[in-house]
Amino acid sequence: MATTLKPEPPASEVAPLTHPRRWCFTLEQYYRLGELGILGDKHTELIGGDIYMVPIGPEHSFGKQTSRRYLERKLRKGVHLRIEDPLRIGDNEPVPDLAVVSGKPSDYCKQHPTTALLAIEVADTTLEFDYTVKASLYASATIPVVQCIDALFQDIELDVSDLVKEIHRLER
């Protein structure tokens, strides 16, 4: 059986590649990459079609754990704490270090939350990115309290204490 190959168009008809082109991923493609193991066990998030891999240094881990311990002691019933779990914001899937969302964990067994009462980003190397790109994305999801904590220079427990007061005020 003969196979017919379609000839390639003449070089004059092919648009030249004059600069790098960005490949934007959809949520479906992002999930498929994860299913295939292409992303490995890296800490990734999808923002604006781009996949970001975020390094987690010791200062970052310390800031996240300190914030987590404080929040777990102070949160009221009817909300729960998510740790490095995605939020679904349109076609984006950012992963805040910590997020306080309404309801029970089982409320989100089929789909990630689309908003939160609080999103915390702890940064040791990503502070500018967190303050600009991620904070504006969280604002688009009407998350009322967003905090970027500089793990290298801030009193983390004091910052988180103020955030808990704000959450309690919002719950009224």
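Coordinates for the structure precede this section.
Since we're looking at a predicted model, the values are computed, not measured. (Residues numbered from 1 in each chain as written. Predicted model: local features only at pLDDT ≥ 70, side-chain atom pairs only at ≥ 80, totals over all residues. Heavy atoms only, no water.)

A. Structural view of the side chain of T44. Its location among the elements puts T44 in strand β1 (residues 44-47). Its relative accessible area of 11% is what places T44 among the buried residues. With residues up to four places along the chain from it excluded, the contact list for T44 reads Y30, L39, I51, Y52, M53 and V95. (Helix = DSSP H or I, 4+ residues; strand = E, 2+ residues; numbered from the N terminus. Buried < 20%, exposed > 50% of the residue type's maximum accessible area, 1.4 Å probe, protein only. Contact = heavy atoms within 4.5 Å.)

B. Region of interest: the pairing of strand β4 (residues 98-102). Within β4, four of the five residues are buried, which leaves the element mostly enclosed by the surrounding structure. In this structure, strand β3 (residues 79-83) lies alongside β4, joined through five bridges in antiparallel fashion. In the sheet register, R82 faces β4, and the bridge partner there is A99. Two elements, β4 and strand β5 (residues 118-123), share three bridges in a ladder whose sense is antiparallel. When the bridges of β5 are listed, L98 appears paired with I120. (Pairing = 2+ DSSP bridges.)

C. View of the environment of D97. With respect to the helices, strands and loops of the structure, D97 is situated in the loop between β3 and β4. Residues D97 and A123, spaced 26 residues apart in sequence, show a C-alpha to C-alpha distance of 9.2 Å. Aside from chain neighbours lying at most four places away, what touches D97 is H60, K64, R82, I83, E84, I120, E121 and V122. A polar contact of 3.0 Å, which involves the side chain of D97, links it to the side chain of H60. (Polar contact = N/O pair within 3.5 Å; in protein donor to acceptor, adjacent residues only side chain to side chain.)

D. Helix α3 (residues 127-140), seen in detail. Between the first and last C-alpha of α3 there are 19 Å, a value that for 14 residues agrees with the 20 Å anticipated at 1.5 Å per step. Within α3, the axis deviates most sharply at K134, by approximately 35°. What α3 keeps buried is the set D130, K134, A135, L137 and Y138. Taken together, the buried residues of α3 touch β1, β5 and β6 (145-150). Looking one or two residues beyond α3, the residue adopting positive phi is T142, at roughly 50°. (Expected span 1.5 Å × (residues − 1). Bend = angle between axes of the 7 residues up to and from the residue.)

E. Up close: the pattern of salt bridges. For the structure shown, the criterion picks out eight salt bridges. For the salt bridge of E45 with K134, the shortest nitrogen-to-oxygen distance reads 2.8 Å. Here E45 is found in strand β1, whereas its partner K134 is found in helix α3, with 89 residues between them in sequence. You can call E45 buried: its relative accessible area is 2%. (Salt bridge = Lys/Arg side-chain N within 4 Å of Asp/Glu carboxyl O.)

F. Geometry of the sheet that holds β5. If you walk across this open sheet you meet the four strands as β3-β4-β5-β6, and the pairing is mixed. Two strands close off the open sheet at either side, each with one partner strand: β3 and β6. Across the sheet, the mean angle from the axis of one strand to that of its neighbour is 15°, orientation sign disregarded. The pairing of β5 with β6 spans six bridges and is parallel. Residue pairing across strands places A119 opposite V146, the latter belonging to β6. (Axes fitted to C-alpha atoms, helices over the stretch in contact; angles between N-to-C directions.)

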